[in-house]
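# Analysis of the macromolecular model
Residue-level listing of the chains:
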Amino acid sequence: MKKFIKLDALVVPLDRSNVDTDAIIPKQFLKSIKRSGFGPNAFDEWRYLDHGEPDMDNSKRPLNPNFVLNQARYQGAQILLARENFGCGSSREHAPWALEDYGFRAIIAPSFADIFFNNCFKNGLLPIKLDAEKVDALFRAVEAHEGYRLAIDLEKQAITTPDGQVYPFAIDAFRKHCLLNGLDDIGLTLQHVDEIAAFEKRHLAAQPWL
Amino acid sequence: MGEQTLYDKLWNSHLVRQDEDGTALIYIDRQLVHEVTSPQAFEGLRLAGRRPWRTASMLAVPDHNVPTTHRSAGIADPISRIQVETLDANCVEFGVTEFKMNDIRQGIVHVIGPEQGATLPGMTVVCGDSHTSTHGAFAALAHGIGTSEVEHVMATQCLVAKKSRAMEVRIEGELAHGVTAKDIALAVIGKIGTAGGTGYAIEFTGSAVRALSMEARMTLCNMAIEAGARAGMVAADETTFAYLKGRPFAPQGEMWDRAVEQWRNLKSDQGAVFDAVVVLDAASIRPQVTWGTSPEMVVAIDGFVPDPALMSADKREGVERALAYMGLKANTPITEIAIDKVFIGSCTNARIEDMRAAAAVARGKKIAPNVKQALVVPGSGLVKRQAEQEGLDRIFMDAGFEWRDPGCSMCLAMNDDKLSAGERCASTSNRNFEGRQGQGGRTHLVSPEMAAAAAIAGHFVDVSKL
């Protein structure tokens, strides 16, 4: 997994609540057996004017000029500013894969759906929860200032705005440790292999039907 | 320790270790696997040279991509076919039990787990699919996970997790005629919203829940995720045991008696404290119909499409966008909304009781001329066989419905069953998101009775008055 330490990047605002994972990556792209290459189809139904299918050359498809990701001022954005309950719906990890493959490294929203939130951390993508008023203020600032950037420091758990305002954010110690070091969960869990085996022995002895 | 909730009991009995910040390793008893969210996990194992920790805990089935017609000819779409063939090959390579596409036991993963007795009380159950919450109906801790977690559970038999908060959703009283578990689920979501359960595990309690069959409890728990809760659950009781007894994966003989003795404790203790409590009066719940693009955009059948002009500014824009997508005008009576298609199926409503309920409405009738297609897609090969033995297939086909082979089908339209842009569908599935059933398709979530009645009338009707 990619490490996440610091990020200073352009912000793109996606001003809709309850953005679901079907919208982030529509079902026809879930037929892939790989975990990469989903970026060109992130937000496919909003981003393009035609209907997308997995075998298409996305560079030749007509873009929807009204969709925020297609606007010139937001090209190259790595921070997605979003509204409440971002990532609701399906558990598809293809959603964070698509966002990461598109180029996002962080998402800021007032709230996230649980499964999506978990999935982000497995892919070096940092989801940050901020109070709705702060997110509101950021939406206003991004829309008012072309080229608006934010600096995210995971070690310090802080977001700094261009005018020097600092928004602290919370994160679990374990998840922070994994992101800072780019650690793979499986390797960490396998350090406890004896504990797992001992638990399993007791558990299956007590419930032999399992 | 004091009084414990059912969730506390399930969590504590699977806790392998816990760090100071609350990050825990939870032992997983059952992992269900389907073709869409597993190939990258198997590939991860292969690249790391790992083997599954306990293949006996795994059960695999292809369901999302499978065609629902002419199955003996195989899968026509080459990309879908590769995904299903990849599952087949992975299950052979790693020694995982799989019900292949043409096995009579094949079906939607959340239908076949309970049907086989592979879901048992007291278990932890995971699957790379958000509707894994379904299995909580058996007093199991069951929830959806991402593909990285699928790989993690395969490799370690554990999940890295933090304990959720516990919410009680209590439904007391008796349901009116024509009101189902689906209507309870939609009414709960309408009340607390699609994020109302975020961060919680929900236990459904109360006399109305106790009175539900196991299949109805599965419908209810299935939709917990649409309220934002990863897990939904119902305490174990005689209904639970009667459903499971004699199923292929359930314990038999003396072992069954031992198991039931332990399972009787799988309920919240008297006086256990929940972090949040929501109470609904069963008698007040009416048949529900969604009108928008989120399951919380729901209203009773005798209601109206809401008027955004009467809403606060922060809500208005979302409602206006939903109504524009759905092609609906404010203040339209729900019963005046005409439909183009009907879908009866999905992990929410494709079990035998759902088939019977829809057939009872359709018996001796014909679908309306404006209904272009009405699909009935049973949840498994065994549900299909049972329905055919009862003659339900004839009732549906005589009425003009198509009787299909089992799979996820038009719930998410990964196979050929989909809506075209602008088409309006009465659907027994679980999500009415934009594009869910096909790009530009318009989904109204309802119960099987309501879907069948809409097919006959050509528009929504109040089944409680039939």
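Our subject is the structure that appears above.
Please read these numbers as outputs of a predicted model, since none were measured by experiment. (Residues numbered from 1 in each chain as written. Chains lettered and ligands numbered in written order. Predicted model: local features only at pLDDT ≥ 70, side-chain atom pairs only at ≥ 80, totals over all residues. Heavy atoms only, no water.)

## Some details on the overall build of chain A
Of regular secondary structure, chain A possesses eight helices and seven strands. Dimensions of chain A, computed from C-alpha atoms along their principal axes, come out at roughly 60 × 45 × 25 Å. Residues classed as buried in chain A amount to 58% of the 210 residues present. For chain A, restricting intrachain contacts to residue pairs at least 6 apart in sequence, the fraction spanning at least 24 positions comes to 64%. Taken as a whole, chain A presents about 8600 Å² of accessible surface, with 50% of it coming from carbon and sulfur. Measuring between centres, the 25 positive side-chain charges of chain A sit 3 Å from its 29 negative side-chain charges. (Helix = DSSP H or I, 4+ residues; strand = E, 2+ residues; numbered from the N terminus. Buried < 20%, exposed > 50% of the residue type's maximum accessible area, 1.4 Å probe, protein only. Contact = heavy atoms within 4.5 Å. Areas by Shrake-Rupley, 256 points an atom, 1.4 Å probe, with all protein chains shown as cover. Lys, Arg positive; Asp, Glu negative; His and termini not counted. Charge placed at Lys NZ, Arg CZ, Asp CG, Glu CD.)

## Thoughts on the overall build of chain B
For chain B, the helix and strand inventory stands at 15 helices and 19 strands. Against the globule reference of 23 Å for 466 residues, chain B gives a C-alpha radius of gyration of 21 Å, in line with a compact fold. With the C-alpha coordinates of chain B rotated into their principal frame, the extents come out at 55 × 55 × 45 Å. When each of the 466 residues of chain B is scored for burial, the buried share is 67%. In chain B, the proportion of contacts linking residues at least 24 apart, taken out of those at least 6 apart, comes to 76%. Carbon and sulfur atoms provide 50% of the accessible area of chain B, an area that totals close to 15200 Å². If you average the places of the 47 positive and of the 56 negative side-chain charges in chain B, the two averages end up 2 Å apart. (Rg over C-alpha atoms; globule rule 2.2 N^0.38 Å.)

## Considering the packing of aromatic side chains
All names here are of chain B. A complete count under the given rule lists 19 aromatic pairs over all chains for this structure. Ring plane angle 25° and centroid distance 5.3 Å describe the contact between F42 and F94, whose orientation is recorded as stacked. Of this pair, F42 sits in helix α2 (residues 39–48) while F94 sits in helix α3 (residues 78–94), and the two are 52 residues apart along the sequence. Arranged with centres 5.4 Å apart and planes meeting at 75°, the rings of F396 and F401 form a pair that is edge-to-face. (Phe/Tyr/Trp six-rings, centres within 6.5 Å; stacked < 30°, edge-to-face > 60°.)

## So, empty space enclosed by the protein
Residues and elements named next belong to chain B. For the structure shown, the criterion picks out four cavities of 30 Å³ or more. In this structure, the largest cavity occupies an estimated 220 Å³ of space. If you go around the largest cavity, you meet 24 residues; those closest to its centre are H64, D129, H131, L412 and R436. Among the residues forming the lining of the largest cavity, the class breakdown is eight nonpolar, 11 polar and five charged. (1 Å grid on protein atoms, 1.4 Å probe; cavity = no way out; pocket = protein on both sides within 12 Å on 5 of 7 lines; lining within 4 Å. Points joined across faces, edges and corners; volume = space filled by probe spheres on them. Nonpolar A, V, L, I, M, F, W, Y, C, P; charged D, E, K, R; others polar.)

## Details of the pairing of strand β5 (residues 149–153) of chain A
All names here are of chain A. Relative to β5, strand β1 (residues 6–13) runs antiparallel, the two being bridged by five bridges. Each bridged residue has a counterpart across the sheet, and for K6 the counterpart in β5 is D153. Relative to strand β6 (residues 158–160), β5 runs antiparallel, the two sharing three bridges. From the neighbouring strand, D153 faces β6, where its bridge partner is A158. Turn length for the β5-β6 hairpin, with the two strands adjacent in sequence and antiparallel, is four residues, and the turn residue Q157 shows positive phi of about 55°. (Pairing = 2+ DSSP bridges.)

## Some words on the pattern of salt bridges
Residue and element names in this part refer to chain B. According to the stated counting rule, one finds 43 salt bridges over all chains in the structure shown. Close ionic contact of E172 with R170 constitutes a salt bridge, the shortest N to O distance being 3.9 Å. R170 sits in the partly exposed class, given a relative accessible area of 28%. Linked by salt bridges that have partners in common, R286, D302, D462 and K465 make up one network. (Salt bridge = Lys/Arg side-chain N within 4 Å of Asp/Glu carboxyl O.)

## Some remarks on the sheet that holds strand β3 (residues 106–109) of chain A
Residue and element names in this part refer to chain A. Taken in spatial order, the seven strands of this open sheet run β4-β3-β2-β1-β5-β6-β7, and their pairing is mixed. Of all strands in the sheet, those with a lone pairing partner are β4 (126–129) and β7 (166–168), marking the two edges. On average, each strand axis in the sheet is tilted by 25° relative to the strand beside it, whichever way the strands run. Two elements, β3 and β4, share four bridges in a ladder whose sense is parallel. (Axes fitted to C-alpha atoms, helices over the stretch in contact; angles between N-to-C directions.)

## A closer look at helix α13 (residues 381–389) of chain B
Residues and elements named next belong to chain B. Regarding α13, the residues found buried are G381, V383, K384 and A387. Axial view of α13: buried residues confined to an arc of 160°, hence all on one face. Where α13 is buried, its residues meet α4 (109–116), α12 (352–362), α14 (392–399) and β17 (402–403). The N-capping residue of α13, defined by a side-chain oxygen 3.3 Å from the backbone nitrogen of L382, is S380. (Arc of directions from axis to C-beta. Polar contact = N/O pair within 3.5 Å; in protein donor to acceptor, adjacent residues only side chain to side chain.)

## Quick notes on the interface of chain B and chain A
Taken together, the contacts link 70 residues of chain B with 58 residues of chain A. Counting the surface lost from both chain B and chain A, the interface buries some 5300 Å², and carbon and sulfur atoms represent 56% of this. The largest contributions to the chain B side of the interface with chain A come from Q40, W53 and Q439 of chain B, which together make up 12% of the buried area. The interface formed by chain B and chain A contains six salt bridges. Here E434 of chain B ties to R16 of chain A by a salt bridge, and the two come within 3.7 Å at their closest N and O atoms. Among the elements of the structure, β1 (15–18), β2 (24–27), α2, α3, α5 (147–156), β8 (158–161) and α10 (253–263) of chain B are those that each provide at least two residues to the side of chain B that touches chain A. (Buried area = accessible area lost by both parts, 1.4 Å probe.)

## As for the sheet that holds β1 of chain B
In any sheet, the strands associate via hydrogen bonds between backbone groups, in a parallel or an antiparallel arrangement. All names here are of chain B. What the three strands build is an open sheet, ordered β1-β2-β8; its pairing is antiparallel. Among the strands making up the open sheet, the edge pair consists of β1 and β8. The sheet shows a mean angle of 20° between the axes of neighbouring strands, taken without regard to direction. Its contacts with the sheet put α5 on β2 and β8, and the angle it makes with β8 is roughly 130°.

## As for the nonpolar core
By size, the foremost hydrophobic cluster in this structure holds 116 residues, and its most contacted members are F43, F86 and L126 of chain A together with F401 of chain B. No other element matches helix α15 (residues 448–457) of chain B, which puts seven residues into this core. Once residues within four sequence positions are removed from consideration, L126 of chain A is found in contact with F4, R105, A106, I107, F121, I152, L154, F169, I171 and L179 of chain A. By size, the runner-up hydrophobic cluster in this structure holds 94 residues, among which are I28, M123, V125 and V150 of chain B. (Core = buried A, V, L, I, M, F, W, Y, C linked by side-chain atoms within 4.5 Å.)

## Points about the layout of surface pockets
In this structure, the second largest pocket spans a volume of roughly 1100 Å³. Along its surface, the second largest pocket is lined by 45 residues, and S17 and N18 of chain A together with E296, M297 and G318 of chain B are the ones closest to its centre. For the lining of the second largest pocket, the secondary structure elements donating two or more residues are α5 (132–144) of chain A together with α6 (181–192), β14 (298–300) and α11 (313–326) of chain B.

## Side note on the environment of G379 of chain B
Residues and elements named next belong to chain B. By secondary structure assignment, the location of G379 is in the loop between β16 (373–376) and α13. Considered as a pair, G379 and V463 are 84 residues apart in the sequence and their alpha carbons are 23 Å apart. When residues no more than four places from it in sequence are discounted, the contact partners of G379 are G107, I108, V111, A350 and P406.

## Side note on the side chain of T293 of chain B
Take T293 of chain B: it is sitting in the loop between β13 (288–290) and β14. Once you skip the residues sitting within four places of it in the chain, T293 of chain B turns out to touch A322, Y325, M326, N432, F433 and E434 of chain B.

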